[in-house]
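Analysis of the macromolecular model
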Amino acid sequence: KDESTVSITVVGASGDLAKKKIFPALFALYYEGCLPKHFTIFGYARSKMTDAELRNMVSKTLACRIDKRENCGEKIDQFLKRCFYHSGQYDSQENFAELDKKLKEHEVMGVWVSTLTEWIIPFRLSDKNITFDYWSQMDTALLLSEDIPSKGGRVSNRLFYLSIPPNIFIDAVKCTSSSASSGIGWTRVIVEKPFGRDSDSSAALTKALKQYLEEDQIFRIDHYLGKELVENLSVLRFSNLIFEPLWSRQYIRNVQLIFSEDFGTEGRGGYFDNYGILRDIMQNHLLQILALFAMETPVSLDAEDIRNEKVKVLRSMRPLQLEDVVVGQYKSHTKGGVTYPAYIDDNTVPKGSLTPTFAAAALFIDNARWDGVPFLMKAGKALHKKRAEIRVQFRHVPGNLYNQNFETDLDQATNELIIRVQPDEAIDLKINNKVPGLGMRLDHSNLNLHYAARYSKEIPDAYERLLLDAIEGERRLFIRSDELDAAWALFTPVLKELEEKNIIPEYYPYGSRGPVGAHYLAARYNVRWGDLG
Ligand code: BG6
């Protein structure tokens, strides 16, 4: 029976990510019975808030796949009782020491309280007469806690989720590790991107982090790795005989990694302008997918074995060249009487900003498996559709007997595997098929696995998977520092060049398919984007 406690502190608790993703994911995990028995959640931020106000905030923003289920209300109440708040500065050792004290109180009493609240009496933490302040006066209990591990007793583990802007990041890590880390259990820190802006700043961040934490305490999150279809990539490749033998330059013509959103940077222009789409989406989310897609078979499913293979493939890649990049920025567009704003209309974006909100790029892996195969990436905001997908276009069938029997000759006999990460998760395989009838006509048909039709189970949000993994100490889906270095090495030179040369982006209307330059880039490598239909 595990009597250890886990305290999860969301640093930056009043921010957007915490409200939209972290608290809802924690609740979903709680609902599904995935959180450890003795857990406490703390929100930490600068704003002044009481526990009750935090609970109110969390309950209002609790929009997740679970919160509309029947009987959910009771679970929400129980969950909220485990949520507390501490207000403090991100660079104050003193404030973190106060947090530490509160965490200790909960760790000591948590086991009793969680038992009481759930099983014995409807013990209301919010009742005025019995609060944690009451327990906190029990110094003896605190003393006891120090004695517990030596008796083989309860271990208190702490997970900190740093959801704060990069400029205060290191200060917060320093305070966490020196004033609030667990003395008698593990301390882990989840860090959100951006992990720097280029190779140098990322290396400096890693160096600073490692002053306070060991690499195995750092969980660099890339939430795309927690998406169901991204996690499934390895299963598809390594547990099906039919794919892996085809997974190379011999059979694959090109691979496309496509990300698009049908909304702009609304409200996030200030952050976004500092980074742009290449850093916001390509260097991390799409590159991570590419690494999983292209890596060699790992020795095992252990985190280190998988990450070793990912690093190898990233290190085999050629740094992105300026001529292999097209950048764009959305401009205002009126449709159906509605005017959609341009990127630069956002008043948090500096006037005349050249920051790309769209990019297309061609990348190459110089190893035996992938030599010469273009990996095309395309990512953009304010496009016509929201989607994320991987498209694998296979080579033509040599000497195809049926070349004459296609309705059109465009891309005839080309198989395509489409892994739709979102929305409507699916795996489609385009095959050539005889159109039923007395004639001999062929068309492209789909073998499809549509998750909504095949599985009745809801797909967990990426943050649920990743938070659970961090609690369980599973590092497979988190980024190791050498992976990060390799990823930056590929993008830093071109980012510098784009900025130094003030390359003007190609303007595209809000809600369109993006700049036409993306098609010219693909055409240079004899590729046609697969998402045109
Ligand atoms: C984030 C980016 O990492 O991912 C955002 O900073 C982007 O700009 C978001 O909107 C997309 O995530 P998802 O899960 O909604 O596809």
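Before reading further, recall that the structure is shown in the block above.
Figured I'd write up the structure that's included with this text. Source: prediction; values computed, not measured.

**Considerations on the overall build of the chain**
- Check the secondary structure of the chain and you find 15 helices and 18 strands.
- Burial statistics for the chain: of 533 residues in total, 54% are counted as buried.
- In the chain, once contacts between residues fewer than 6 apart in sequence are set aside, the share between residues at least 24 apart is 78%.
- With an accessible surface of roughly 24,100 Å², the chain has 53% of that area assigned to carbon and sulfur atoms.

**Comments concerning the packing of helix 1 (residues 16–31) against helix 13 (residues 462–472)**
- Contact geometry of helix 1 with helix 13 gives a least axis separation of 8 Å together with a crossing angle of 65°. Classified by the angle between their axes, helix 1 and helix 13 sit roughly perpendicular to one another. Classified by chirality, the crossing of helix 13 by helix 1 is right-handed. Listed contacts from helix 13 to Leu17, Lys21, Ile22, Ala25, Leu26, Ala28 and Leu29 of helix 1 are Tyr463, Glu464, Leu467 and Leu468.
- The residue inventory of the contact of helix 1 with helix 13, partitioned by class, reads nine nonpolar, no polar and two charged.

**Quick look at the packing of aromatic side chains**
- The final tally for this structure, using the stated rule, is 23 aromatic pairs.
- Following the ring pairs from residue to residue traces out a cluster consisting of Phe272, Tyr330, Tyr340, Tyr343, Phe358, Tyr508 and Tyr510.
- Taking NZ or CZ as reference, Arg197 lies 5.9 Å from the ring centre of Tyr275, over its face.
- A cation sits over an aromatic face here: Lys378 above Trp529, 4.4 Å from the ring centre.

**Points about unusual backbone geometry**
- Of note, the amide linkage connecting Lys193 to Pro194 takes the cis form, showing an omega dihedral of 5°.
- Summarising the element assignment, Pro194 is placed in the loop between strand 5 (187–191) and helix 8 (199–212).
- Cis rather than trans, the peptide bond between Gln422 and Pro423 has omega equal to -15°.
- Turning to its location among the elements, Pro423 is positioned in the loop between strand 14 (416–422) and strand 15 (426–434).
- Of note, the phi angle at Ala382 is positive, near 55°, even though the residue is not glycine.
- Within the secondary structure, Ala382 sits in the loop between strand 12 (375–380) and strand 13 (387–394).
- Relative accessible area serves as the criterion here: at 0%, Ala382 is assigned to the buried category.
- Positive phi, close to 45°, is recorded for Asn502, a residue that is not glycine.

**Things to note about the sheet that holds strand 7 (residues 252–260)**
- Overall, mixed pairing links the nine strands, which are arranged 16-15-14-13-7-12-11-8-18 in an open sheet. The two strands at the open ends of the sheet, each matched to only one other strand, are strand 16 (442–450) and strand 18 (506–509). Averaged over all neighbouring strand pairs, the angle between strand axes comes to 20°, with direction disregarded.
- Two strands pair when backbone bridges link them, and strand 13 and strand 14 are joined in this way by six bridges, in the antiparallel orientation.

**Some points on the site of the ligand**
- Contacts to the ligand come from Lys193, His223, Tyr224, Lys227, Glu261, Arg268, Asp280, His285, Lys381, Lys386 and Gln422.
- Lys381 has a polar side-chain atom sitting 2.8 Å from an oxygen atom of the ligand.
- The fraction of the free accessible surface of the ligand (390 Å²) that becomes covered by protein chains is 82%.
- When the residues that make up the shell around the ligand are grouped by side-chain class, the tally is one nonpolar, three polar and seven charged.

**Describing the pairing of strand 5**
- Counted residue by residue, strand 5 has five buried out of five residues, so it is predominantly covered.
- Burial along strand 5 is two-sided: the face carrying Thr187, Val189 and Val191 and the face carrying Arg188 and Ile190 are both buried.
- Of the crossover connections in this fold, the one passing from strand 4 (residues 156–162) over helix 7 (residues 169–179) to the parallel strand 5 is right-handed.
- Sheet topology note: the strand 5/strand 6 (residues 218–221) ladder contains three bridges and is parallel. For Val191, the partnering residue across the bridge sits in strand 6 and is Arg220.
- Crossover handedness for the path strand 5 to helix 8 to strand 6: right-handed.

**Let's talk about the nonpolar core**
- Grouped together as the largest cluster of nonpolar side chains are 148 residues, with contacts concentrated most on Phe79, Leu278, Phe293 and Phe375.
- Among the elements that take part in this core, helix 10 (residues 269–294) stands out by supplying 13 residues, more than any other.
- Beyond its immediate chain neighbours, meaning those up to four positions away, Phe375 contacts Val255, Leu290, Phe293, Ala294, Ala361, Ala362, Leu363, Ile365 and Trp370.

**Thoughts on helix 1**
- The terminal C-alpha atoms of helix 1 lie 22 Å apart, and with 16 residues this matches the ideal 22 Å at 1.5 Å per residue to within 8%.
- Along helix 1, the sharpest kink reaches roughly 30°, centred on Ile22 and followed within four residues by the proline Pro24.
- For helix 1, the complete set of buried residues consists of Ala18, Ile22, Phe23, Pro24, Ala25, Leu26, Phe27, Ala28, Leu29, Tyr30 and Tyr31.
- At the C-terminal side of helix 1, Gly33 shows a positive phi close to 75°.

**Here's the deal with the side chain of Glu483**
- With respect to the helices and strands, the residue Glu483 is situated in helix 14 (residues 481–500).
- Only 2.8 Å separates the side chain of Glu483 from the side chain of Lys310, close enough to count as a polar contact.
- Residues contacting Glu483, with those up to four places away along its chain left out, are Gln288, Arg307, Lys310, Val311, Leu314 and Phe478.

**Remarks on the pattern of salt bridges**
- What the rule picks out here adds up to 33 salt bridges.
- Taking the shortest distance from any N to any O, the salt bridge between Glu107 and Arg158 comes out at 2.8 Å. Linking Glu107 in helix 4 (residues 93–120) with Arg158 in strand 4, this pair joins segments that are 51 residues apart in sequence. Side by side, Glu107 and Arg158 carry an identical accessibility label, which is buried.
- Connected through salt bridges with shared partners, the residues Glu231, Arg465, Asp469, Glu474 and Arg476 form a single ionic network.

**Structural notes on the environment of Leu213**
- Residue placement: Leu213 occurs in the loop between helix 8 and strand 6.
- In the structure, Leu213 is positioned 152 residues away from Thr61 in sequence and 32 Å away in space, judged by C-alpha atoms.
- Beyond its immediate chain neighbours, meaning those up to four positions away, Leu213 contacts Val173, Ser177, Val189 and Ile218.

Rules behind the numbers
- Residue positions are counted from 1 within each chain, in the order its sequence is given.
- Given that this is a predicted model, residues contribute local features only at a pLDDT of at least 70 and side-chain atom pairs are listed and counted only at 80 or more, while totals for whole chains, interfaces and linings are drawn from all residues.
- For the side-chain quantities, the full set of heavy atoms in the structure was used; hydrogens and water were omitted.
- Under the DSSP-based scheme used, a helix requires at least four consecutive residues in state H or I and a strand at least two consecutive residues in state E, with every element numbered from the N terminus.
- Only protein chains enter the area calculation, which uses a 1.4 Å probe; residues under 20% of their type maximum are buried, those over 50% are exposed, and those in between are partly exposed.
- Throughout, a contact is declared for two residues whenever any of their heavy atoms are within 4.5 Å.
- The protein chains shown are the only cover counted for residues, whose accessible areas, like all others here, come from Shrake-Rupley with a 1.4 Å probe.
- The convention used is that axes are lines fitted to C-alpha atoms, helices contributing only their stretch in contact, and that angles between N-to-C directions extend from 0 to 180 degrees.
- By the definition adopted for this analysis, an angle is roughly parallel if under 35 degrees, roughly antiparallel if over 145, roughly perpendicular if from 65 to 115, and oblique otherwise.
- Helix crossings are classified by the rotation of the near helix relative to the far one: an anticlockwise turn of less than a right angle makes the crossing left-handed, while a clockwise turn makes it right-handed.
- Residues are grouped as follows: Ala, Val, Leu, Ile, Met, Phe, Trp, Tyr, Cys and Pro are nonpolar; Asp, Glu, Lys and Arg are charged; all remaining types, including Gly, are polar.
- Here is the rule: rings of Phe, Tyr and Trp (six-membered ring for Trp) pair when centre to centre is within 6.5 Å. Planes less than 30 degrees apart are stacked, more than 60 are edge-to-face, and the remainder are tilted.
- For a ring to carry a charge above it, either NZ of a lysine or CZ of an arginine must fall within 6 Å of the ring centroid while also lying within 35 degrees of the normal to the ring plane.
- Paired strands, in this sense, are two strands between which DSSP finds at least two bridges.
- Note on terminology: near, applied to a residue and a molecule or strand, indicates that one of the residue's heavy atoms is within 4 Å of it.
- In protein, a polar contact requires one atom able to donate a hydrogen and another able to accept it; more generally it is a pair of N or O atoms within 3.5 Å, and residues adjacent in sequence count only if both atoms are side-chain atoms.
- With its strands directed away from the observer, a crossover is right-handed exactly when the path from the first strand over the helix to the second travels clockwise.
- The nonpolar core is taken to be a set of buried Ala, Val, Leu, Ile, Met, Phe, Trp, Tyr and Cys residues, with the residues joined through side-chain atoms within 4.5 Å.
- Each helix should span, by expectation, one fewer than its residue count multiplied by 1.5 Å.
- A residue's bend is given by the angle between axes fitted to the 7 residues ending at it and the 7 residues starting at it.
- Salt bridges are identified by distance alone: a Lys or Arg side-chain nitrogen within 4 Å of an Asp or Glu carboxyl oxygen.

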